[in-house]
Structures are given as C-alpha cells and as structure tokens.
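Coordinate analysis (summary)
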Amino acid sequence: QVRLVESGGGLVQAGGSLRLSCAASGRTFSSYGMGWFRQAPGKERELVAAISRSGATTFYGDSVKGRFTISRDNAKNTVYLQMNSLKPEDTAVYYCAADRLGRLSTTSYQYDYWGQGTQVTVSS
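Here is what the cut-offs are and how they apply
- Residues numbered from 1 in each chain as written.
- Predicted model: local features only at pLDDT ≥ 70, side-chain atom pairs only at ≥ 80, totals over all residues.
- Heavy atoms only, no water.
- Helix = DSSP H or I, 4+ residues; strand = E, 2+ residues; numbered from the N terminus.
- Contact = heavy atoms within 4.5 Å.
- Polar contact = N/O pair within 3.5 Å; in protein donor to acceptor, adjacent residues only side chain to side chain.
- Phe/Tyr/Trp six-rings, centres within 6.5 Å; stacked < 30°, edge-to-face > 60°.
- Buried < 20%, exposed > 50% of the residue type's maximum accessible area, 1.4 Å probe, protein only.
- Pairing = 2+ DSSP bridges.
- Lys, Arg positive; Asp, Glu negative; His and termini not counted.
- Salt bridge = Lys/Arg side-chain N within 4 Å of Asp/Glu carboxyl O.

The next thing to look at is the environment of Asp 112. Position of Asp 112 relative to the elements: it lies in the loop between β9 (92-99) and β10 (113-114). Along the primary structure Asp 112 and Asp 90 are separated by 22 residues, whereas in three dimensions their C-alpha atoms are 24 Å apart. The residues contacting Asp 112, other than those within four sequence positions of it, are Ala 98, Asp 99, Arg 100 and Leu 101. Here Arg 100 takes part through its backbone nitrogen, which lies 2.9 Å from a polar atom of the side chain of Asp 112.

Given below as structure tokens:
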C-alpha cells in the first residue's frame, strides 16, 4: 500500500507558476511509475503528465506540453509538477497517482494508488 499526499495548489493569476509536490509513503517509491492527472468540474479526469521509475522518460498531455514539467526525486519519495504559463483552463483538482507495475502509464485505470487531490485555480 502506498499513501500519496499532494501539496502546492492554490490561486494564481494567468501567466503565473505553481509547483505541485506529491509525497509518497513506503520504501518502494522508486519502483512505481507516477503520474499527475486533473479533473475540472463537469469534465472527465485527464492525464497531465507521467514519469518512469527512474525519471528518464516522461509523457505530457497535449494541452500542457511546453508549459509543465514532471520530475521525481526517488531519495525523497516525491514527484513534482512544475506548472508555468498557467491559463484559466488549467483550473482543476490535480491528483498524483502511482502505478505499482512501474509502467509509464497514460490512462487512469493503469494506476493503483491515488492522492486526495489539490485544487489549482487560475484567474484571468
């Protein structure tokens, strides 16, 4: 079992930046593929970014390419999402997730563990 706790959300003006963090419990963090998802009111949950176990490989959703960066620090059991050039349409609850099979997973059903989410609101 892995417990994931997100932090770093908040209110920011359009064009601003935020960095989300997701701290994981347990000793096997480095074996998990990790991802960030988001869900806006009335919309389906969508993949924002994913990262491989080592951090060498990443994947981004089309809407955030070139603006967001996913990274991880396996020594700290933490995955990050640096969000730059934020837009009002980035407003959502952001969730981190862990794939216990260690894949670079791009769909929500491939993830086994989820955090409680952190709200990001971008004002225009």
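Now that the structure is up, let's keep going.
What follows covers the packing of aromatic side chains. Evaluated as defined, the whole model comprises four aromatic pairs. Relative to Tyr 113, the ring of Tyr 32 has its centre 6.1 Å away and its plane inclined at 90°; by these criteria the two rings are edge-to-face. Within this pair, whereas Tyr 32 is found in the loop between β3 (18-24) and β4 (33-39), its partner Tyr 113 is found in strand β10, the two being separated by 81 residues in sequence. Per residue, the accessibility class of Tyr 32 equals that of Tyr 113, and both read buried. Ring centres of Tyr 111 and Trp 114 lie 6.1 Å apart, and the angle between their planes is 65°; this geometry places the pair in the edge-to-face category.

This brings us to the pairing of β9. Where a strand is regular, its side chains alternate between the two sheet faces. With seven of its eight residues buried, β9 lies for the most part within the structure. Sheet analysis places β4 next to β9, joined by seven bridges and oriented antiparallel. Counted as the bridge partner of Gly 35 is Ala 97 from β9. By the bridge criterion, three bridges tie β9 to strand β11 (residues 118-123) in an arrangement that is antiparallel. In the sheet register, Ala 92 faces β11, and the bridge partner there is Val 120.

Moving on to the side chain of Glu 6. With respect to the helices, strands and loops of the structure, Glu 6 is situated in strand β1 (residues 4-7). No salt bridge forms around the buried Glu 6; measuring N to O, its nearest opposite-charge neighbour Arg 45 is 7.9 Å away. Among the polar contacts listed, one links the side chain of Glu 6 to the backbone nitrogen of Gln 116, at a separation of 3.0 Å.

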